[in-house]
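The primary structure of each chain is shown beneath.
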Amino acid sequence: PNNDQQQWENSIKHGKFTFSSNIGSSSTAEFWFDAPKYRITWYKDDGSVRLHMISQDGKNLYFADPDKQTSEIAYFAPQMHLSIFNGPDEYLNKEIRSENEYEVISYEIDKLWNIENASQDFYLKDLEIYRQNDQIDKVVTRTSSNKVESEDDLAVSTYQITELDFPSQIDSNVFELPYPKEQ
């Protein structure tokens with residue numbers, strides 16, 4: 001088994017996860033990272049593609065929508081997913097604790113993204129990495145569309161890693177936008 005140190009340090013990775021949130025949404029997704037480039041493809045319940053999230057440079061993130069056949073600027077920066085899948089570069093505080101069979105690493109992020117031309121703002125309060133037997137099992141984030149008065153107003157989302165491998169390379173076509181950028 002690959003340990004999470006490799007998971008963090010290895011910039012090239014591919015896998016799948018299930019996503020669930022306390023606001024009722026759940027779905028499955030597949031990811032490809034060749035940091036800072038990455039792609040996450042989200043699937044509908046019937047297995048068809050719902051959305052591609054693609055960052056070609058680690059600076060901009062696009063939502064490539066197969067229904068609209070357009071790629072539009074995302075409302076958060078690639079730093080969000082890079083933090084989840086590669087560990088955060090910037091954080092205010094880090095704590096490590098044990099919880100049941102897990103070692104839990106908590107990062108306080110407290111970051112608000114206000115991306116020009118995006119549909120909304122996006123706030124990441126914190127994220128927690130759950131690892132067991134030196135493998136990352138899941139990542140839990142707390143987010144909102146703005147900084148909140150009460151922590152009760154945060155969406156709590158879980159990225160449960162279901163498959164993970166470390167290919168030697170990923171085809172660069174994976175990171176190409178499949179649809180034209182929306183003007």
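Above this text sits the structure in question.
Structural notes, computed from the coordinates. (Residues numbered from 1 in each chain as written. Predicted model: local features only at pLDDT ≥ 70, side-chain atom pairs only at ≥ 80, totals over all residues. Heavy atoms only, no water.)

## Quick notes on the side chain of R131
Rule in force here: Each helix corresponds to a stretch of at least 4 residues labelled H or I by DSSP, and each strand to a stretch of at least 2 residues labelled E; elements are numbered beginning at the N terminus. N or O atoms closer than or at 3.5 Å make up a polar contact, with two conditions inside protein: a donor-capable atom paired with an acceptor-capable one, and, for residues adjacent in sequence, both atoms drawn from side chains.
Within the secondary structure layout, R131 lies in strand β9 (residues 122-132). Within the local environment of R131, its side chain forms a polar contact with the side chain of E103, the two groups lying 2.2 Å apart.

## Details of the side chain of S157
The condition that has to hold: Burial classes: relative accessible area under 20% of the type maximum marks a residue as buried, over 50% as exposed, and values in between as partly exposed (1.4 Å probe, protein chains only). The contact rule is simple, with two residues in contact once any of their heavy atoms fall within 4.5 Å.
Within the secondary structure layout, S157 lies in strand β11 (residues 155-165). On the accessibility criterion, S157 (5% relative accessible area) is buried. Leave out the neighbours within four places in its chain, and S157 touches F19, S20, S21, V139, V140 and T141.

## Quick word on the layout of surface pockets
Condition: Using protein atoms alone on a 1 Å grid, points that fit a 1.4 Å probe yet trap it form a cavity, whereas open point sets bounded by protein on both sides within 12 Å along at least five of seven lines form a pocket; residues with an atom within 4 Å of a point count as lining. Grid points are joined across faces, edges and corners, and a volume is the space filled by probe spheres set on the points. Asp, Glu, Lys and Arg are counted as charged, while Ala, Val, Leu, Ile, Met, Phe, Trp, Tyr, Cys and Pro are counted as nonpolar; the rest, among them Gly, fall into the polar class.
Counted as a void, the largest pocket has a volume near 540 Å³. Taken together, 25 residues line the largest pocket, and the ones lying closest to its centre are F19, W42, R50, M53 and Y75. Secondary-structure elements contributing two or more residues to the lining of the largest pocket are β1 (12-21), β2 (26-34), β4 (49-55), β5 (62-65), α2 (79-86), β10 (135-144) and β11. Per-class residue counts for the lining of the largest pocket are 12 nonpolar, 11 polar and 2 charged.

## Looking at the packing of aromatic side chains
The condition is simple: Stacked, tilted and edge-to-face are the three classes assigned to paired rings of Phe, Tyr and Trp, where Trp is represented by its six-membered ring and a pair needs centres within 6.5 Å; plane angles under 30 degrees give stacked, over 60 edge-to-face, the rest tilted. Look at NZ for Lys and CZ for Arg. If either is within 6 Å of the ring centre and within 35 degrees of the ring normal, a charge sits over the ring.
Evaluation of the coordinates by the stated rule reveals 19 aromatic pairs. Ring centres 5.5 Å apart and planes at 75° place the aromatic pair Y75 and F76 in the edge-to-face group. One Lys or Arg, R39, reaches over the ring of W32 and ends 5.7 Å from the middle of that ring. Above the plane of the ring of Y130 lies K138, whose end atom (NZ or CZ) is 4.6 Å from the centre.

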